[in-house]
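Each chain, letter by letter, is given below.
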Amino acid sequence: MKKENIGLVLSGGGVKAIAHIGLIEVLLKNNIVPNIISGTSAGAMIGALYAANHSPLEMISFFEKTPLIKVSYFARNKPGFLDSEKYAKHFSHYFSENSFESLKYPLSIAATNILKAQVAYFNQGPLIKAIIASSALPPLFSPVDINGQLYCDGGILDNFPLDPIKKYCNKIIGSFVNPVTEINRSEINSSTDLVYRAYHIGMDVTDIKKFKYCNYVFSPPKIDTIGAIDTKSIRKAYQIGYDFATEEIETIIKYLKY
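Residues numbered from 1 in each chain as written. Predicted model: local features only at pLDDT ≥ 70, side-chain atom pairs only at ≥ 80, totals over all residues. Heavy atoms only, no water.

**Quick notes on empty space enclosed by the protein**
- This model, assessed by the stated rule, comprises one cavity of 30 Å³ or more.
- Quantified by volume, the largest cavity comes out at close to 570 Å³.
- Looking at the largest cavity, it is lined by 32 residues, and the ones nearest its centre are Gly14, Met45, Leu68, Ser135 and Phe141.
- Looking at the lining of the largest cavity, the element that brings in the most residues is helix α7 (residues 191-208), giving three residues.
- By residue class, the composition of the lining of the largest cavity is 19 nonpolar, twelve polar and one charged. (1 Å grid on protein atoms, 1.4 Å probe; cavity = no way out; pocket = protein on both sides within 12 Å on 5 of 7 lines; lining within 4 Å. Points joined across faces, edges and corners; volume = space filled by probe spheres on them. Helix = DSSP H or I, 4+ residues; strand = E, 2+ residues; numbered from the N terminus. Nonpolar A, V, L, I, M, F, W, Y, C, P; charged D, E, K, R; others polar.)

**Topic: the side chain of Thr40**
- Checked against the element boundaries, Thr40 lands in strand β2 (residues 36-40).
- In this structure Thr40 comes out as buried when scored by relative accessible area, which is 0%. (Buried < 20%, exposed > 50% of the residue type's maximum accessible area, 1.4 Å probe, protein only.)

**Notes on the pairing of strand β6 (residues 149-153)**
- As paired strands, strand β3 (residues 107-113) and β6 are joined by three bridges and run antiparallel to one another. Bridge pairing in β6 places Ala111 opposite Asp153.
- Two strands pair when backbone bridges link them, and strand β5 (residues 144-146) and β6 are joined in this way by three bridges, in the antiparallel orientation. What sits directly across from Ile146, in β6, is Gln149.
- Hairpin remark: β5 followed by β6, antiparallel, with two residues in the connecting loop; positive phi at Asn147, about 55 degrees. (Pairing = 2+ DSSP bridges.)

This is the structure in structure tokens:
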């Protein structure tokens, strides 16, 4: 029998993306093991942690222990408020070999080449810089230099990176945590909130068109109660993902059989 490759596409979304971890835990509990992974921004972080064979508890621990904003990380002589590359040390404990080739499962990471105005997909070579580049949301974080090119948040051009893995998968599960719904004015209370909202109003139209290529797309309706940089809601985002995945697991199994 031909081996079945189950793809897992993880959108960005900041703290919202931690709902992906809840989904992954429920999938694994039901013997559904995605083995080809793709992600953007926080989805790239989670995808890399999963591909490196870290448990859901270890994934949550990574987000709880990694600071989002730290005074000593302020950027000097480069664009952006925070120096993205200063975050590398937080990743080294989880990715000691620092390479795509060392991962248990193949992984693709989307980032935006800000010089060429093109999306780039990383799937080989150094891992940590690619993860950080994919997550470097401007103007909060500085772009990352990789081989003389500057890369930032992959969500600018591809927040649902289906394309790099589509042809390799028999089945595909998508996880998307950025549905554009009406929000209250009180939810736009920082420059980051404003930039994040503006990004997703435009990009979600393109992302949703890709859903037809997935067997199932996970999108927990309560995830909009969490802000993209609300680090106090890490456990809440995980629980929303876990609870909704538990409700949906029979549906997921059904669609994977088709």
